[in-house]
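# Structural overview for review
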Protein chains: 2
Amino acid sequence: MSAKPEVESDKPIRIALLGAGTVGSQTARLLVEECDDLARRVGRPLELVGIAVLDPSKVTADWIDRSLLTTDSEGLVTRADIVIELIGGIEPARTLLLKAIESGASVVTANKALLAQHGPELYRAAQDHGVDIYFEAAVGGAIPIVRPLRESLVGDRITSLVGIVNGTTNYILDEMTTKGLQFEEALSDAQAKGFAEADPTADVDGLDAAAKAAIMATLAFHRDVRMDDVPVEGIRSITADDIAAAKAERRVIKLLVVAERTDQGISARVYPALIPDTHPLASVRGSFNAVFVTAEAADDLMLYGRGAGGAPTASAVVGDVVTEARHIAQQGMGPIIPMYARIPMAPLEASRAAFAVRFLIHDKPGVLAAIAQVFSREGISINGVNQDIKPTMHDPGYSGEIQQLRVVTHLCDEVTLRRVVKQVSTFDSVTGQASVLRVFDQDAL
Amino acid sequence: MSAKPEVESDKPIRIALLGAGTVGSQTARLLVEECDDLARRVGRPLELVGIAVLDPSKVTADWIDRSLLTTDSEGLVTRADIVIELIGGIEPARTLLLKAIESGASVVTANKALLAQHGPELYRAAQDHGVDIYFEAAVGGAIPIVRPLRESLVGDRITSLVGIVNGTTNYILDEMTTKGLQFEEALSDAQAKGFAEADPTADVDGLDAAAKAAIMATLAFHRDVRMDDVPVEGIRSITADDIAAAKAERRVIKLLVVAERTDQGISARVYPALIPDTHPLASVRGSFNAVFVTAEAADDLMLYGRGAGGAPTASAVVGDVVTEARHIAQQGMGPIIPMYARIPMAPLEASRAAFAVRFLIHDKPGVLAAIAQVFSREGISINGVNQDIKPTMHDPGYSGEIQQLRVVTHLCDEVTLRRVVKQVSTFDSVTGQASVLRVFDQDAL
């Protein structure tokens, strides 16, 4: 076997950057400021050959050489060895990445929305054209998650992933917990502080988390999993009452991504759940993210760190760039993303859980009995009922005091549970919207 | 650029295994049981061509094909594409790995002692011969630590690593904390349960942790760091009194690996330290390991999981085997390990810390004043003094009651601190051995 190619060549590896927003400008900073170190880690210099932006006049970062700025993104992607895509969204990102791949460039992207919808096409396109695709920054910011799933655990059989991968919802739930705020108050506060977007839909409705779930599940289970395969519930319906009830039970509410191998196939879900306050995920606060992975041989792993932010995300992007640049310097390739597994997505019913359901009721004799009867008729066993916690909501159409009735079930399937909740909600004595939360513990998973 | 080589070739990639102990037999199990899945993840079949052991009659695992067993390890390493070394120790492991590398095989090893002494030679030999060396299992069992340092964070500037990477000492300190045991009792108990070796030196004296510190520091700081560069203190001198004093302050004692970039160079150390019981590392119990990494752009990361055990360690080994097999299938290479940084190892004095020093004294008037004067004369400022905790030790040569005097300093350098302790220990009124523990907090680091 021949010796490694001479890696101390002077020929620069050409890097093109699409986007100069928060992450893009931090990525440019690392590439410029760490230039000498990166060259020594790769064995060849890296040269930033262009930065495509919509409006060059809006780029203000002083470490960006203005002569690199261009609006011709289509032209730029054909004159680079590595194209970094940080513009987000589906188009034109998808078309630009495909064009880069077709012209022989490897690509690095942080675009979770794109990968969750079109990842498998991009993975196959890269393989077909003999180039690599890296995307560590698409899940969990700076935290090594993609690489451990793609490489470290590739000799093992992953059984489940449970993660907190959305900082905005984690911050909002934290604020509701520590300050007793209602969801809307905590959201406004998060928006005012820049932790939530003006349009918070992607975060609070769980879509961002679902995208990350699809990406992780594809890697973990060697099967094409798309965002459409991931049923999702967000946190809009969580109330201060739910948080208070959780606290009384020494639990916290977290928006979880859960992907698991079940008897009936792969299940990937996003939902808010009650977890014990002693669980390691319970102490993941604010913008931090964490993913718990369980594999047959490796057992439990947790990967924890900054899930967002310009510099942390740029760290992951540049890590991928250096990894790919080393492949180019050595005329090698990164790992393919195999999607060979003939295993179905599990039906909704496959995922059984204990649930905590909170109804708002007009307390009249017989209400509890009537509700319990619906659960019983559908075969759902009740673990406990609690009527202690005073609700903070009021029903203008009702003169008496509103009571909060909280029912915690034993393990049951969600389809049946939802049917029960729907039936109970039609009762005259039940008002407002019921809250349904999974009770997460290792057994139930 | 040409398309990727046809990866669905049928030609097997030949794997040789050296050693069939706890980790070796689990590695063989994964290679045999997951054979079909691994082939699809690589794109080519993996074939276990031989297992070298000292005594084939002692191999009992029923998944091991006995016709694969051989005592000719030197012959085996020359007829494989990937050689897995799980025999441990320096020789013959070093010679066998060099022979494998020279004959064109890539190597995977879990041998921390070897890498901590001869890693840089092996890394250079692999690079010179155009083969790869992977060793995820050498640090932290199943936890992805080596790969994140080598690849994920390669675009960033790591400032510090703080880790719990030895399960035996972590178990012993846990038992001392929860059951109030003395070190010797907890050690015997750990030995009886199989959590500590009959000769526990490598673990309790911190040598195993120091080896891992050297390996991680080489990767983190791009500089050759050997075990000899890592000053080490073990946990033999920790007493039940130290644990009790820590508890009273809401701290726990953990054996830490600390590697950091200081003004005066790279410092890598192993020592027992007091950490707040709210620190994430405080809740790393028993055989679990965790490493905290801080980098300029990525900020804080924590990687947590099973630090030892046959199956978890085998998971990391087979992850490396698959990674390398993919490179071979695609005629590519893994990353080099650059050691270009011209940065010295920091002198002992460069690492400043707060210390908690516990003296056993015969309480006579003026003892405290005399002790305080030594600290003052050497310029070490005292943060607090505590004489409340009754010692559990007795001095047969002294009829009065022995007192425990605990002095907590402000930040100072260790060389001066050790000189002070030595002086104070010569006092007639001071008996037994002083205990010196660093007080670890993020600022002091």
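Residues numbered from 1 in each chain as written. Chains lettered and ligands numbered in written order. Predicted model: local features only at pLDDT ≥ 70, side-chain atom pairs only at ≥ 80, totals over all residues. Heavy atoms only, no water.

## Considering the sheet that holds strand β3 (residues 69-70) of chain B
Residues and elements named next belong to chain B. Pairing in this open sheet of 6 strands is parallel, and the strands run β3-β2-β1-β4-β5-β6 from one edge to the other. Edge positions in the sheet fall to β3 and β6 (133-134), since each has one partner strand and no second. Relative to strand β2 (residues 46-52), strand β1 (residues 13-18) runs parallel, the two being bridged by 6 bridges. Bridge pairing in β2 links Ile-15 to Leu-48. Where helix α4 (residues 93-102) meets the sheet, it contacts β1, β4 (82-85) and β5 (106-109), and its direction lies at approximately 150° from that of β5. (Pairing = 2+ DSSP bridges. Helix = DSSP H or I, 4+ residues; strand = E, 2+ residues; numbered from the N terminus. Contact = heavy atoms within 4.5 Å. Axes fitted to C-alpha atoms, helices over the stretch in contact; angles between N-to-C directions.)

## Structural notes on the UniProt feature "binding site: NADPH" (unreviewed entry) in chain A
All names here are of chain A. The sites that carry the UniProt feature "binding site: NADPH" (unreviewed entry) are, in the present numbering, Lys-112. Positionally, Lys-112 belongs in helix α5 (residues 112-128). In this structure Lys-112 comes out as partly exposed when scored by relative accessible area, which is 29%. Non-local contacts of Lys-112, meaning those with residues more than four positions away in its chain, are made with Ala-138, Asp-208, Ala-211, Lys-212 and Ile-215. (UniProt positions renumbered as here; feature names shortened; annotations may be inferred. Buried < 20%, exposed > 50% of the residue type's maximum accessible area, 1.4 Å probe, protein only.)

## Some remarks on the UniProt feature "active site" (unreviewed entry) in chain A
Residue and element names in this part refer to chain A. On the UniProt side, "active site" (unreviewed entry) is annotated at positions that read Lys-212 here. Position of Lys-212 relative to the elements: it lies in helix α10 (residues 207-221). With relative accessibility at 5%, the residue Lys-212 sits in the buried group. Residues within four places of Lys-212 in sequence aside, it is in contact with Lys-112, Ala-138, Val-139 and Val-165.

## Description of the nonpolar core
Buried together is how nonpolar side chains tend to be arranged in soluble globular proteins. Ranked by internal contacts, the top residues of the largest apolar core, which has 177 residues, are Phe135(A) and Phe135(B). Discounting residues that sit within four places of it in the chain, Phe135(B) has contacts with Thr109(B), Leu115(B), Tyr123(B), Val146(B), Arg150(B), Ile215(B), Leu219(B), Asp320(B) and Ile337(B). Ile13(B), Leu48(B), Ile84(B) and Tyr134(B) belong to the second-largest nonpolar core, a separate cluster that totals 36 residues. (Core = buried A, V, L, I, M, F, W, Y, C linked by side-chain atoms within 4.5 Å.)

## Quick look at the packing of aromatic side chains
Residue and element names in this part refer to chain A. If you walk through the whole model with that rule in mind, you get 6 aromatic pairs over all chains. Seen in terms of ring centroids, Tyr-123 and Phe-135 are 5.3 Å apart; in terms of plane orientation they differ by 15°. Their pairing is stacked. Taken as a pair, Tyr-123 in helix α5 and Phe-135 in the loop between β6 (133-134) and α6 (146-152) lie far apart in primary sequence, 12 residues in all. By relative accessible area, Phe-135 is classed as buried at 0%. (Phe/Tyr/Trp six-rings, centres within 6.5 Å; stacked < 30°, edge-to-face > 60°.)

## Considering the interface of chain B and chain A
Residue-level contacts link 64 residues of chain B with 64 residues of chain A. Of the roughly 5500 Å² buried at the junction of chain B and chain A (both faces included), carbon and sulfur atoms supply 55%. For the pair chain B and chain A, the interface holds 8 salt bridges. Put simply, Arg147(A) and Glu151(B) hold a salt bridge, and the shortest N to O gap is 3.5 Å. One can count 26 residue pairs in polar contact (both at pLDDT 80 or more) joining chain B with chain A. Elements that contribute at least two residues to the side of chain B that touches chain A include exactly α2 (35-42), α5 (112-128), α6 (146-152), β11 (299-306) and α12 (310-329) of chain B. Of all the elements, α12(B) adds the most residues to the side of chain B that touches chain A, at 9 residues. For the side of chain B that touches chain A, the per-class residue count stands at 29 nonpolar, 17 polar and 18 charged. Pairing of strand β11 (residues 299-306) of chain A with β11(B) involves 5 bridges; the strand directions are antiparallel. Residue Gly305(A) lies in a different strand from β11(B), and its bridge partner there is Leu301(B). (Buried area = accessible area lost by both parts, 1.4 Å probe. Salt bridge = Lys/Arg side-chain N within 4 Å of Asp/Glu carboxyl O. Polar contact = N/O pair within 3.5 Å; in protein donor to acceptor, adjacent residues only side chain to side chain. Nonpolar A, V, L, I, M, F, W, Y, C, P; charged D, E, K, R; others polar.)

## Some words on the environment of Glu185(B)
Residues and elements named next belong to chain B. By the secondary structure assignment, Glu-185 is in helix α8 (residues 183-192). For Glu-185, a relative accessible area of 45% puts it in the partly exposed group. Sequence separation of Glu-185 and Glu-175 is 10 residues, and the distance between their C-alpha atoms is 9.4 Å. Polar contacts involving the side chain of Glu-185 include one to the main-chain amide nitrogen of Gln-182, which spans 2.6 Å.

## Observations concerning unusual backbone geometry
Looking along the chain, the bond that leaves Glu91(A) and enters Pro92(A) is cis, with omega of 5°. The topology assignment puts Pro92(A) in the loop between β4 (82-85) and α4 (93-102). Here the phi dihedral of His222(A) falls at roughly 55°; this positive angle occurs in a residue that is not glycine. Inspection of the secondary structure puts His222(A) in the loop between α10 and α11 (240-248). According to the relative accessible area criterion, His222(A) is buried, its value standing at 5%. With phi around 55°, Gln331(B) is a residue other than glycine that occupies positive phi space. Locating Gln331(B) in the fold gives a position in the loop between α12 and β12 (352-362).

## Comments concerning the domain arrangement of chain A
For chain A, the domain assignment lists domain 1 (13-142 + 310-329), domain 2 (154-306) and domain 3 (351-439). Relative placement of domain 1 of chain A and domain 3 of chain A: their C-alpha centres are 50 Å apart. (Domains from an automatic or database assignment.)

## Some remarks on the sheet that holds strand β2 (residues 46-52) of chain A
Residues and elements named next belong to chain A. One open sheet holds the 6 strands; their spatial order is β3-β2-β1-β4-β5-β6, and the pairing between them is parallel. Whereas interior strands pair on both sides, the edge strands pair on one side only; in this sheet they are β3 (69-70) and β6. Relative to strand β5 (residues 106-109), β4 runs parallel, the two being bridged by 4 bridges. Bridging across to β5, Ile-82 finds its partner in Ser-106.

## Details of the confidence of the model for chain A
Here chain A averages 92 in pLDDT, while 94% of its residues score no lower than 70. Below pLDDT 50 for its whole length, residues 1-7 of chain A participates in 24 contacts with residues either more than four positions away or in separate chains. (pLDDT = per-residue confidence, 0-100.)

## Considering the environment of Pro56(A)
Residues and elements named next belong to chain A. Within the secondary structure, Pro-56 sits in the loop between β2 and β3. The exposure class of Pro-56 is partly exposed, given its relative accessible area of 28%. Considering only alpha carbons, one finds Pro-56 and Arg-251, 195 residues apart in sequence, at a separation of 49 Å. Look past the residues within four positions of Pro-56 in its chain and what remains in contact with it is Arg-66, Leu-69 and Thr-71.

## Here we look at the relation of the copies chain B and chain A
With an RMSD of 0.1 Å, the operation that places chain B on chain A is a rotation of 180° combined with a shift of 0.0 Å along the axis. The operation mapping one copy onto its partner corresponds to a two-fold rotation axis. If distances are taken from each C-alpha of chain B to the rotation axis, the shortest is found for Gly332(B), at 1.8 Å. Same-surface contact between copies: 100% of interface residues of chain B are shared with the interface of chain A. (Least-squares fit on C-alpha atoms with pLDDT ≥ 70 in both.)

## Some details on the packing of α2(B) against α12(B)
Residue and element names in this part refer to chain B. For the pair α2 and α12, the least separation of the axes is 9 Å and the interaxial angle reads 45°. Put simply, α2 runs oblique to α12. α2 and α12 meet at a crossing whose hand is right-handed. On the side of α2, the interface is formed by Leu-38, Arg-41 and Val-42, while α12 contributes Val-318, Val-322, Ala-325, Arg-326 and Ala-329. Residue composition of the contact of α2 with α12, grouped by class: 6 nonpolar, no polar and 2 charged. (Parallel < 35°, antiparallel > 145°, perpendicular 65-115°, else oblique. Left-handed = near helix turned anticlockwise from the far one by under 90°.)

## Let's talk about the environment of Leu115(B)
Residue and element names in this part refer to chain B. Along the chain, the position of Leu-115 falls in helix α5. Judged by its relative accessible area of 2%, Leu-115 is buried. Spatially, the C-alpha atoms of Leu-115 and Gly-19 are 17 Å apart, while their sequence positions differ by 96 residues. Those residues in contact with Leu-115 that sit more than four places away from it in its chain are Thr-109, Pro-120, Leu-122, Tyr-123, Ile-133, Phe-135, Ala-138 and Ile-215.

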